[in-house]
Amino acid sequence: MSMEKSATKSNQNLCFPRRRGQIKMKILKSMVKSAVGLASMRSQSGRGGSGSGSGSSTPSTATPSGYDSDRKLNFTNKIYNFAIDFNTIGQRGLHDQKEKMKILQILRRKLSSSQIRSTVTPSLSLAFFYRQLHSSSNPASFGVAFDIDGVLLRGSNPIGGAPRALKRFYDDYGTLKVPYVFLTNGGGVPESKRAKELGSLLDVNILPLQVIQGHSPFKQLMRRFENELIVAVGKGEPAEVMSEYGFKNVLSIDEYASCFDNIDPLAQYKKWTDKLDGNQSSKSKHTALSNDPCSQRVAAVFVVSDSVDWSRDIQVLCDILRTGGLPGKEIAHQPPLFFANDDLAYQALFPSERLGMGAFRIAVESVFNAIHPAALKYTSYGKPNPSVFKNAETVLMHVLQSCHTNHQVDGRKQFFKTLYMIGDNPSVDIKGARQAGSPWFSILTRTGVFKGKENHDDFPADLVVDTVEEAVDYILSKECIS
């Protein structure tokens, strides 16, 4: 009876039973010895030894340099089979990192001798065995979604111990252990470029797949407007973003406005604005300009990121939307208008919050409704829309699959028990996670929009912490990850 209680207590304190781990160590050590024995036999036969275990009656002769290809293939196959057995043991539950490292140390020590090293091909390196063992671990049953501004970064400066926190999701070899994504309403650049920027700022390797921006859902509208003239609004590279999604006839609002004389009555007073640079033209721009945008009907407008010039953009958008896509013409049916998010405010470098795309949307809507007989129609994406969180779950599964290339992850059978949303904005991050429901678990940080001592009244999170590093500590402790 006391033994059962002791075992139960041990299981509660450890990620897996200790005795089972010890048994696996014995099995794996035995396998290593077998592999080393094979290598030693190959080394002896390579020097022309009698090879009592060779099973051949033909007298052995000295093997010339560049030893016999058949024997090399045979030996390589045996080592490969050993790796497969090694992988199989891992699939049965070898999860403890210390045990993995013990096995790797044995391999490093045994396979480093000059006699054996000469018989092992480069592909059968220590890194190969490590990848076999790591990829065989059971896939994680949880995933993490990080907001960026106010959680990981303020401007371009990391905050809250973000680099240290993210590095804990990788092993010593730089392989991702825990699937995570960046779920942000921000944007303005392609996901591939944003991944590189984040990787540089946070000092980790980030895949474009892991970056979900506010405008990422726009790619789903590509077939609808693929060859139509569309106008992209916002800071950064809005036209380039849409071009990468597959839209073939795209102009930024800067490019579009420059095609009309005097469309912006205040242009002469804006000394800070840059004129179009002919050397910075995209493929889509060439297509649109060659068809004369002034005579082309704008099929849709996409607000990709925060507007840089509110007065001009509101004026041009009203011109486009009131005239059916032909500024200067008669009033007609409004073209579709899409916003990447509806954030009223966000945390930047300035101490107080800055107005976001939601504020710009309110401004456009107010002016449009005051001068047009029909109310403005628009579609907003981004958090807290539940569909954004559903899409994030799908992306996290793809990230999980990329982490375990040698372990088949069936999306129909594998599912996440918990998905953590770490954000700083209660009305966006926390509200969205709450609306998405199970398996989402919301964590609110005090490094951005939210700075309260207690939980938020209207949109309370499941957990409130000071920094993202504290959030990651909680997650890894709860999930029993070192």
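Residues numbered from 1 in each chain as written. Predicted model: local features only at pLDDT ≥ 70, side-chain atom pairs only at ≥ 80, totals over all residues. Heavy atoms only, no water.

1. A short note on the overall build of the protein chain
Okay, so step 1: A count of helices and strands for the protein chain gives 17 helices and 15 strands.
Okay, so step 2: Put simply, the protein chain has 482 residues, and 47% of those count as buried.
Okay, so step 3: Considering only residue pairs separated by 6 or more positions, the protein chain has 70% of its internal contacts joining residues 24 or more positions apart.
Okay, so step 4: Carbon and sulfur atoms make up 50% of the accessible area of the protein chain, which amounts to about 24,600 Å² in all. (Helix = DSSP H or I, 4+ residues; strand = E, 2+ residues; numbered from the N terminus. Buried < 20%, exposed > 50% of the residue type's maximum accessible area, 1.4 Å probe, protein only. Contact = heavy atoms within 4.5 Å. Areas by Shrake-Rupley, 256 points an atom, 1.4 Å probe, with all protein chains shown as cover.)

2. Focus on the sheet that holds strand β12 (residues 379–380)
Okay, so step 1: The sheet built from 5 strands is open, its strands ordered β7-β6-β8-β9-β12 with parallel pairing. Edge positions in the sheet fall to β7 (250–252) and β12, since each of these pairs with one other strand and no more.
Okay, so step 2: Two strands pair when backbone bridges link them, and strand β6 (residues 230–233) and strand β8 (residues 300–303) are joined in this way by 4 bridges, in the parallel orientation. Its bridge partner lying in β8, Val233 is registered against Val303. (Pairing = 2+ DSSP bridges.)

3. Side note on helix α14 (residues 357–371)
Okay, so step 1: The first and last C-alpha atoms of α14 sit 21 Å apart over 15 residues, in line with the 21 Å expected at 1.5 Å per residue.
Okay, so step 2: Inspection of α14 places Met357, Gly358, Ala359, Phe360, Arg361, Ala363, Val364, Glu365 and Phe368 among the buried residues, and these make up the whole buried set.
Okay, so step 3: At its buried positions, α14 is contacted by β8, α13 (310–322), β9 (337–339) and β11 (354–355). (Expected span 1.5 Å × (residues − 1).)

4. Details of the sheet that holds strand β5 (residues 211–212)
Okay, so step 1: The 6 strands are arranged β5-β4-β1-β13-β14-β15 in an open sheet whose pairing can be described as parallel. Edge positions in the open sheet fall to β5 and β15 (463–465), since each of these has one partner strand only.

5. Quick word on the pattern of salt bridges
Okay, so step 1: This model, assessed by the stated rule, comprises 15 salt bridges.
Okay, so step 2: One connected set of salt bridges, linked through shared partners, spans Asp147, Lys383 and Asp429. (Salt bridge = Lys/Arg side-chain N within 4 Å of Asp/Glu carboxyl O.)

6. Side note on the state of the cysteines
Okay, so step 1: Applying the stated rule across the entire model yields 0 disulfides.
Okay, so step 2: Note on Cys259: no disulfide assigned, nearest cysteine sulfur contributed by Cys294 at a separation of 5.4 Å.
Okay, so step 3: Relative accessible area serves as the criterion here: at 28%, Cys294 is assigned to the partly exposed category. (Disulfide = S-S within 2.5 Å.)

7. Topic: the environment of Asn157
Okay, so step 1: On the secondary structure map, Asn157 appears in strand β3 (residues 157–158).
Okay, so step 2: When its relative accessible area of 41% is taken as the criterion, Asn157 is described as partly exposed.
Okay, so step 3: Sequence separation of Asn157 and Leu201 is 44 residues, and the distance between their C-alpha atoms is 7.5 Å.
Okay, so step 4: Filtering out sequence-adjacent residues up to four positions away, Asn157 remains in contact with Leu152 and Leu349.

8. Things to note about the confidence of the model for the protein chain
Okay, so step 1: Predicted confidence across the protein chain gives a mean pLDDT of 79, with 65% of residues reaching 70 or more.
Okay, so step 2: Counting interchain partners and residues more than four positions distant, the pLDDT-below-50 stretch residues 45–69 has 16 contacts.
Okay, so step 3: Scored below 50 in pLDDT, residues 130–136 makes 25 contacts in the model with residues more than four places away or belonging to other chains. (pLDDT = per-residue confidence, 0-100.)

9. Notes on the nonpolar core
Okay, so step 1: Counting 51 residues, the largest nonpolar core has Val144, Phe146, Phe169, Tyr180 and Phe182 as its most contacted members.
Okay, so step 2: The element that contributes the greatest number of residues to this core is helix α15 (residues 386–403), accounting for 9 residues. (Core = buried A, V, L, I, M, F, W, Y, C linked by side-chain atoms within 4.5 Å.)

10. Things to note about the packing of α13 against α14
How two helices sit against one another is set out by the angle between their axes and by the gap between those axes.
Okay, so step 1: Where α13 contacts α14, the two axes come as close as 10 Å, and the packing angle between them is 50°. Overall, the two elements α13 and α14 adopt an arrangement that is oblique. Here α13 runs over α14; the crossing is right-handed. In this structure, α13 contributes Trp310, Asp313, Ile314, Leu317, Cys318, Leu321 and Arg322 to the contact, and α14 contributes Ala359, Phe360, Ala363, Val364, Val367, Phe368 and Ile371. (Axes fitted to C-alpha atoms, helices over the stretch in contact; angles between N-to-C directions. Parallel < 35°, antiparallel > 145°, perpendicular 65-115°, else oblique. Left-handed = near helix turned anticlockwise from the far one by under 90°.)

11. Structural notes on α13
Given 3.6 residues per helical turn, the α-helix brings residues three or four places apart onto the same face.
Okay, so step 1: When the terminal C-alpha atoms of α13 are compared, their 18 Å separation across 13 residues agrees well with the 18 Å that a helix rising 1.5 Å per residue should span.
Okay, so step 2: Buried positions along α13 lie against β6, α11 (253–257), β8, β9 and α14.
Okay, so step 3: Note on α13: the residue one or two positions beyond its end, Gly324, has a positive phi of about 70°.

12. Observations concerning unusual backbone geometry
Okay, so step 1: Residue Pro384 is reached from Lys383 by a cis peptide bond, and omega for that bond is 10°.
Okay, so step 2: Looking at where Pro384 falls in the secondary structure, it is placed in the loop between β12 and α15.
Okay, so step 3: The step from Ser438 to Pro439 runs through a cis peptide bond, and the omega angle for that step is 10°.
Okay, so step 4: Counting through the fold element by element, Pro439 comes out in the loop between α16 (426–436) and β14 (440–445).
Okay, so step 5: Phi is positive for Asn262, which is not a glycine, with a value near 65°.
Okay, so step 6: Inspection of the secondary structure assignment puts Asn262 in the loop between α11 and α12 (283–290).
Okay, so step 7: A relative accessible area of 74% means that Asn262 is categorised as exposed.

13. Some thoughts on the pairing of β6
Okay, so step 1: Neither face of β6 is exposed, since Ile230 and Ala232 on one face and Val231 and Val233 on the opposite face are all buried.
Okay, so step 2: For the crossover that starts at β6, traverses helix α10 (residues 238–244) and ends in the parallel β7, the hand is right-handed. (Right-handed = clockwise from strand over helix to strand, strands pointing away.)

14. Regarding the side chain of Glu191
Okay, so step 1: Examined against the element boundaries, Glu191 turns out to sit in helix α8 (residues 191–202).
Okay, so step 2: Buried charge Glu191 goes without a salt bridge, the closest partner of opposite sign being Lys219 at 4.9 Å.
Okay, so step 3: Side-chain polar atoms of Glu191 contact the side chain of Tyr245, separated by 2.6 Å.
Okay, so step 4: In contact with Glu191, other than residues within four places in its own chain, are Pro208, Val211, Gln213, His215, Ser216 and Tyr245. (Lys, Arg positive; Asp, Glu negative; His and termini not counted. Polar contact = N/O pair within 3.5 Å; in protein donor to acceptor, adjacent residues only side chain to side chain.)

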